[in-house]
Amino acid sequence: MTGLGRMRELVRQIAHCEIDLVLDSGGQDGAFGRALRRRGYRGRIVSFEPFGGARAGVRRAAARDLDWRVLPYALGHRDRAWMRRLDGLWEDVVAPGERVLLQVESAPELPQVLAGAGEFGDDLALVRTGVARPAVFA
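Report on the accompanying structure. (Residues numbered from 1 in each chain as written. Predicted model: local features only at pLDDT ≥ 70, side-chain atom pairs only at ≥ 80, totals over all residues. Heavy atoms only, no water.)

### Considerations on the nonpolar core
The biggest cluster of nonpolar side chains holds 21 residues, and the ones touching the most others in it are Leu 23, Val 46, Phe 48, Leu 75, Trp 90, Val 100 and Leu 102. Of all elements in the fold, only β1 (21-25), β2 (44-48), α4 (86-93), β6 (100-104), α5 (110-117) and β7 (124-129) reach the threshold of two or more residues within this core. Dropping the residues within four chain positions of it, Leu 102 is found in contact with Leu 23, Leu 75, Val 113, Leu 114, Leu 124, Leu 126, Val 127 and Arg 128. Membership of the second largest hydrophobic core comes to 19 residues, among which are Cys 17, Ile 19, Leu 36 and Trp 68. (Core = buried A, V, L, I, M, F, W, Y, C linked by side-chain atoms within 4.5 Å. Buried < 20%, exposed > 50% of the residue type's maximum accessible area, 1.4 Å probe, protein only. Helix = DSSP H or I, 4+ residues; strand = E, 2+ residues; numbered from the N terminus. Contact = heavy atoms within 4.5 Å.)

Put into structure tokens, the structure is as follows:
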């Protein structure tokens with residue numbers, strides 16, 4: 001299946017699961033968010049990217065999109081200067097009642113990001129890693 005086919009299928013899953021918010025951990029240059037938009041996703045996106053050059057890229061991608069926010073840190077299992085736990089950010093980025101897809105760019109990082117979700121891990125409707133894997137229903 002081509003990349004476009006995978007993204008089309010993901011957007012179908014997002015619609016089926018009534019996802020309102022995509023949390024994009026490792027936003028890099030914004031390619032994932034741009035692909036979601038090209039395939040018709042119109043909900044909110046919050047991208048997390050701690051590194052300046054990459055963050056500038058994702059900020060450019062999100063610049064004209066009022067429903068796409070970029071935060072300057074990574075998601076992880078503890079708070080550091082450049083990393084935050086999702087459970088500490090949850091109320092700032094997730095509105096009450098929103099259904100959430102968590103996208104983690106690198107599969108090896110997923111356990112740490114989920115550990116940092118703490119009590120909110122059960123509130124993730126879908127979890128996805130990388131660009132080649134299907135979403136997992138929670």
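### Re α5
All of the buried residues along α5 are Leu 110, Val 113, Gly 116 and Ala 117. Taken around the axis of α5, the buried residues stretch over an arc of 130°, which confines them to a single face. Gly 118 sits one or two positions beyond α5 and adopts a positive phi of about 55°. (Arc of directions from axis to C-beta.)

### As for the pairing of β1
Summarising burial for β1: 5 of the 5 residues are buried, a large majority. Along β1, one buried face is formed by Leu 21, Leu 23 and Ser 25 and the opposite face, lined by Val 22 and Asp 24, is buried too. Pairing of β1 with β2 involves 5 bridges; the strand directions are parallel. Residue Leu 21 lies in a different strand from β2, and its bridge partner there is Arg 44. In the classification by handedness, the crossover that spans β1, the intervening helix α2 (residues 31-38) and the parallel β2 is right-handed. (Pairing = 2+ DSSP bridges. Right-handed = clockwise from strand over helix to strand, strands pointing away.)

### Comments concerning the pattern of salt bridges
Under the definition given, this model contains 4 salt bridges. As a salt-bridge pair, Arg 12 and Glu 9 come within 3.3 Å of each other at their nearest N and O atoms. Note that Arg 12 and Glu 9 are positioned in helix α1 (residues 3-16) at a spacing of 3 residues, about one turn of the helix. When its relative accessible area of 35% is taken as the criterion, Glu 9 is described as partly exposed. (Salt bridge = Lys/Arg side-chain N within 4 Å of Asp/Glu carboxyl O.)

### Topic: a negative patch on the surface
Side chains of Glu 91, Asp 92, Glu 119, Asp 122 and Asp 123 sit close together on the surface and give a patch of like negative charge. One can find Asp 92 in helix α4. On the basis of relative accessibility, which here comes to 56%, the residue Asp 92 falls in the exposed class. (Patch = residues over 30% accessible without salt bridge, like charges linked within 9 Å, V, L, I, M, F, W, Y side chains within 5 Å. Areas by Shrake-Rupley, 256 points an atom, 1.4 Å probe, with all protein chains shown as cover. Lys, Arg positive; Asp, Glu negative; His and termini not counted. Charge placed at Lys NZ, Arg CZ, Asp CG, Glu CD.)

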